[in-house]
Amino acid sequence: MTATSSHNDHTHADSAAAGNSGVPDSVAAWEERYAEADDAIWSGNPNESLVAVVSEMTPGSVLDVGCGEGADVVWMAENGWDATGIDLSTTAIDRARRAAESRGISAEFAVADVSTWEPADPDRRGGFDLVTGSFLHTRLPDTREELLTRVAAHVAPGGALLLVSHATMPPWAAEHSEKFEHGMDHHHELVSPNGDFALLIGASPDRWEIELADTRTREVTSPSGEPAELEDAILLARRV
């Protein structure tokens, strides 16, 4: 089956809650989600909100947590970033690597959960200039704070954390959850940039400052081919 759409949502699936009791087979569920499709399930286009923010930044090292099939990583690598992407799904990472290779792009990819992963290079541990996470959702309530702190732990002093989240649920979210009921439901908390920042500073041992907290609308094509608008919650926080 081929299920490609022109939006780039829910490509990012790592969750610090993945190993918690009551959330069985998280890795298997995400792998099934990707592997049941014969081809890429996302468009291959980078998220517009991420592009708008990152385009204003000086390239350095970047980690994309839950990179899915690698569209954001490939775009950042094409634009001068030393890019790394991690995701729970082996199939997604295989597709990400092929996408990079097909465009002659050098990027690192790993099958990994952010709750346990460390880069092989010791200098990269807690040392990325930018860490991005788009549409990161936990699979249990009240675990987002843990997820954010694990993601933020990879940011270097002076580096930045960029989170792009759903400010409102996509119109097709209920249908999506019903179709992929084999363990794929998330705790779909609606996210505000200031709410995420409050969680971050409440749990992180580091000091953070907000550089951008915004909600932006973008036009997409739904999985059924209809035009739609989505609202993204955007948080860019700097570790100081």
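To be clear, the structure that these remarks concern was listed above.
Just so it is clear, the model here is predicted, and its values are computed rather than measured.

Within the open sheet, the 7 strands sit side by side as β3-β2-β1-β4-β5-β7-β6. Their pairing is mixed. Looking at strand neighbours, the two that pair on one side only are β3 (108-111) and β6 (208-221), the edges of this open sheet. Neighbour to neighbour, the strand axes of the sheet diverge by 15° on average, direction disregarded.

Of note, Phe135 is a non-glycine position whose phi angle comes to about 60°, a positive value. As for its position among the elements, Phe135 is in the loop between β4 (128-134) and α5 (144-152). For Phe135, a relative accessible area of 0% gives the class buried.

Quick look at helix α3 (residues 71-78) now. Taken across its 8 residues, α3 has 7 buried, putting it largely inside the fold. Check the buried side of α3 and you find it contacts α2 (48-54), β1 (61-65), β2 (82-87), α4 (90-102), β3 and β4.

Moving on, we come to the packing of aromatic side chains. In total, this model carries 2 aromatic pairs according to the counting rule given. Their ring planes at 35° and their centres at 6.4 Å tell us that Trp30 and Tyr34 sit as a pair that is tilted. Placement of both Trp30 and Tyr34 in helix α1 (residues 26-35) is noted, with a separation of 4 residues, approximately one turn of the helix. Residues Trp30 and Tyr34 agree in their burial class; the two are buried. An angle of 35° between the planes, with centres 6.5 Å apart, marks the rings of Trp117 and Phe128 as tilted. Within this pair, whereas Trp117 is found in the loop between β3 and β4, its partner Phe128 is found in strand β4, the two being separated by 11 residues in sequence. For Trp117, a relative accessible area of 13% gives the class buried. The class for Phe128 is buried, based on a relative accessible area of 1%.

So, on to the nonpolar core. Grouped together as the largest cluster of nonpolar side chains are 28 residues, with contacts concentrated most on Val54, Phe109, Leu130 and Leu162. At the level of secondary structure, the elements contributing two or more residues to this core comprise α2, α3, α4, β5 (155-166) and β7 (227-239). Ranked by the residues each element gives to this core, the list is headed by α3, at 5 residues. Those residues in contact with Leu130 that lie beyond four places of it in its chain are Val54, Met57, Ser61, Val62, Leu63, Trp81, Ala160 and Leu162. Among the nonpolar cores identified, the runner-up in size contains 21 residues, and Leu148, Val155, Leu161 and Ala237 belong to it.

Below, the discussion takes up the pairing of β3. The side chains of a regular strand alternate, residue by residue, between the two faces of the sheet. Of the strand pairs in this sheet, β2 and β3 are connected by 4 bridges, and their pairing is parallel. Residue pairing across strands places Asp87 opposite Val111, the latter belonging to β3. Chirality of the crossover, the property in question, places the unit of β2, α4 and β3 among those that are right-handed.

A side chain with one charge may pair with a side chain of the opposite charge, provided their charged atoms come close. Following the criterion strictly, the structure yields 10 salt bridges and no others. Of the charged contacts in the structure, one is a salt bridge between Asp94 and Arg97, with a shortest N-O distance of 3.9 Å. Of the two residues, Asp94 and Arg97 both sit in helix α4, 3 residues apart, roughly one turn of that helix. Among the ionic pairs, Asp206 bridges to Arg239, the shortest N-O distance being 3.2 Å. One end of the pair, Asp206, is in the loop between α7 (193-203) and β6; the other, Arg239, is in strand β7, with 33 residues separating them in the sequence. According to the relative accessible area criterion, Asp206 is partly exposed, its value standing at 24%. With relative accessibility at 17%, the residue Arg239 sits in the buried group.

Let us now look at the environment of Asp94. By relative accessible area, Asp94 is classed as partly exposed at 32%. For Asp94 and Phe109, which are 15 residues apart along the polypeptide, the C-alpha to C-alpha distance reads 8.6 Å.

What follows covers a negative patch on the surface. A surface patch of negative charge is lined by Glu48, Glu219, Glu229 and Glu231. Relative to the elements of secondary structure, Glu48 occurs in helix α2.

Each value, and the rule that gives it
Residues numbered from 1 in each chain as written. Predicted model: local features only at pLDDT ≥ 70, side-chain atom pairs only at ≥ 80, totals over all residues. Heavy atoms only, no water. Pairing = 2+ DSSP bridges. Helix = DSSP H or I, 4+ residues; strand = E, 2+ residues; numbered from the N terminus. Axes fitted to C-alpha atoms, helices over the stretch in contact; angles between N-to-C directions. Buried < 20%, exposed > 50% of the residue type's maximum accessible area, 1.4 Å probe, protein only. Contact = heavy atoms within 4.5 Å. Phe/Tyr/Trp six-rings, centres within 6.5 Å; stacked < 30°, edge-to-face > 60°. Core = buried A, V, L, I, M, F, W, Y, C linked by side-chain atoms within 4.5 Å. Right-handed = clockwise from strand over helix to strand, strands pointing away. Salt bridge = Lys/Arg side-chain N within 4 Å of Asp/Glu carboxyl O. Patch = residues over 30% accessible without salt bridge, like charges linked within 9 Å, V, L, I, M, F, W, Y side chains within 5 Å. Areas by Shrake-Rupley, 256 points an atom, 1.4 Å probe, with all protein chains shown as cover. Lys, Arg positive; Asp, Glu negative; His and termini not counted. Charge placed at Lys NZ, Arg CZ, Asp CG, Glu CD.

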